[in-house]
Amino acid sequence: MRNAPSPFTSKPESNAPVWLQELVYMPKRQRTIDLVHQSVDALRKDKQRVSLAAVAAKSKELDPEHRGISESAILDNQEARAYYEQHRSWRGSSRKRAKPLAVASSTSPEAIKPGRDEQRVHQRYMRMGKEALIERLITAERMLAEQRERWLTQQDEALTWRLRAEAAEARLKESGNM
């Protein structure tokens, strides 16, 4: 099974020759990481807000000859992004970012395919609001209970017919042997 690529690392150079990766891309990646560390540390030392814009601006101050690093370079570099996110000032709550999905909550559990992409389902559920998730869970539990009741009824009927068939066979054997 192949691992999914990280959502914040774009590597157009992955098809590049090894020498190009070692001589160009690796040093650029490392330079970004180093500048993010220096910029974040400098901002924290000065008790300034750590944001993407502030890190990019501070990197331009620290590295004027190379014009610093861009916000997208921070976000595209996995290590740099992790360090930035660890120290950023802004702490968003998942509640504010969660977007209720009315479409997903109206999907009936009957239409669920067995081979669905569970990672996408997980992401969709993470975006749903608490109320929508509760409604979906109650609906799923109700449908499961109804399905179980139907199954038990069918099993009961099947057993009744089997017992009748066995009794009829027994009577036929008795009447045929006499």
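Notes on the structure follow. Given the structure is predicted, the values throughout are model-derived calculations rather than measurements. (Residues numbered from 1 in each chain as written. Predicted model: local features only at pLDDT ≥ 70, side-chain atom pairs only at ≥ 80, totals over all residues. Heavy atoms only, no water.)

1. Details of the nonpolar core
Ranked by internal contacts, the top residues of the largest apolar core, which has 14 residues, are V36, V40, V50, V55, I74 and Y84. Mapped by element, the contributors of at least two residues to this core are helix 1 (18–45), helix 2 (52–62) and helix 4 (78–87). Of the residues forming this core, the biggest block, five residues, is contributed by helix 1. With sequence-adjacent residues up to four places away left out, Y84 is seen in contact with V36, V50, S51, L52, V55 and I74. (Core = buried A, V, L, I, M, F, W, Y, C linked by side-chain atoms within 4.5 Å. Buried < 20%, exposed > 50% of the residue type's maximum accessible area, 1.4 Å probe, protein only. Helix = DSSP H or I, 4+ residues; strand = E, 2+ residues; numbered from the N terminus. Contact = heavy atoms within 4.5 Å.)

2. Remarks on the pattern of salt bridges
Tallied over the full model, the rule gives five salt bridges. Note that E85 is salt-bridged to R81, the shortest N-O span being 2.9 Å. A residue pair is termed a helical-turn pair when its members lie 3 or 4 positions apart in one helix, as E85 and R81 do in helix 4 at four residues. When the shortest N-O distance is used, the salt bridge between R162 and E166 registers 3.4 Å. A residue pair is termed a helical-turn pair when its members lie 3 or 4 positions apart in one helix, as R162 and E166 do in helix 8 (residues 130–177) at four residues. Of the residues examined, E166 reaches a relative accessible area of 42% and is grouped as partly exposed. When salt bridges with common partners are traced through the structure, they connect D46, K58 and E61 into a single cluster. (Salt bridge = Lys/Arg side-chain N within 4 Å of Asp/Glu carboxyl O.)

3. Concerning the packing of helix 1 against helix 4
Two elements in contact, helix 1 and helix 4, have axes separated by 8 Å at closest approach and are oriented at 10°. As judged from the angle between their axes, helix 1 and helix 4 are roughly parallel. Our pair here, helix 1 against helix 4, has a crossing hand that is right-handed. Contacts between helix 1 and helix 4 involve T32, I33, V36, H37, V40, D41 and R44 from the former and E79, A80, Y83, Y84 and H87 from the latter. Looking at the contact of helix 1 with helix 4, its residues break down into six nonpolar, three polar and three charged. (Axes fitted to C-alpha atoms, helices over the stretch in contact; angles between N-to-C directions. Parallel < 35°, antiparallel > 145°, perpendicular 65-115°, else oblique. Left-handed = near helix turned anticlockwise from the far one by under 90°. Nonpolar A, V, L, I, M, F, W, Y, C, P; charged D, E, K, R; others polar.)

4. So, the packing of helix 1 against helix 2
Interaxial distance between helix 1 and helix 2 falls to 9 Å at its minimum, and their mutual angle equals 105°. In terms of orientation, helix 1 and helix 2 fall into the roughly perpendicular class. Contacts between helix 1 and helix 2 involve L35, V36, Q38, S39, V40, A42 and L43 on the former and, on the latter, A54, V55, K58, S59 and L62. Taken together, the residues of the contact of helix 1 with helix 2 sort by class into eight nonpolar, three polar and one charged.

5. Here's the deal with helix 1
The terminal C-alpha atoms of helix 1 lie 38 Å apart, and with 28 residues this matches the ideal 40 Å at 1.5 Å per residue to within 8%. Along helix 1, the sharpest change in direction is near 35° and occurs at Y25; proline P27 comes one to four residues later. Here helix 1 has its buried residues at T32, I33, L35, V36, S39, V40, A42 and L43. Where helix 1 is buried, its residues meet helix 2, helix 3 (71–76) and helix 4. Looking one or two places after helix 1, you find K47, whose phi comes out positive at around 55°. (Expected span 1.5 Å × (residues − 1). Bend = angle between axes of the 7 residues up to and from the residue.)

6. Some points on helix 4
When helix 4 is considered as a whole, its buried residues turn out to be A80, R81, Y83, Y84 and H87. All buried residues of helix 4 fall inside an arc of 165° around its axis, so they share one side. Along helix 4, exposed side chains directed more than 90 degrees from the buried face belong to E79 and Q86. Those residues of helix 4 that are buried are in contact with helix 1, helix 2 and helix 3. The backbone nitrogen of E79 has a side-chain oxygen 3.2 Å away, supplied by the residue at the start of helix 4, namely N77. (Arc of directions from axis to C-beta. Polar contact = N/O pair within 3.5 Å; in protein donor to acceptor, adjacent residues only side chain to side chain.)

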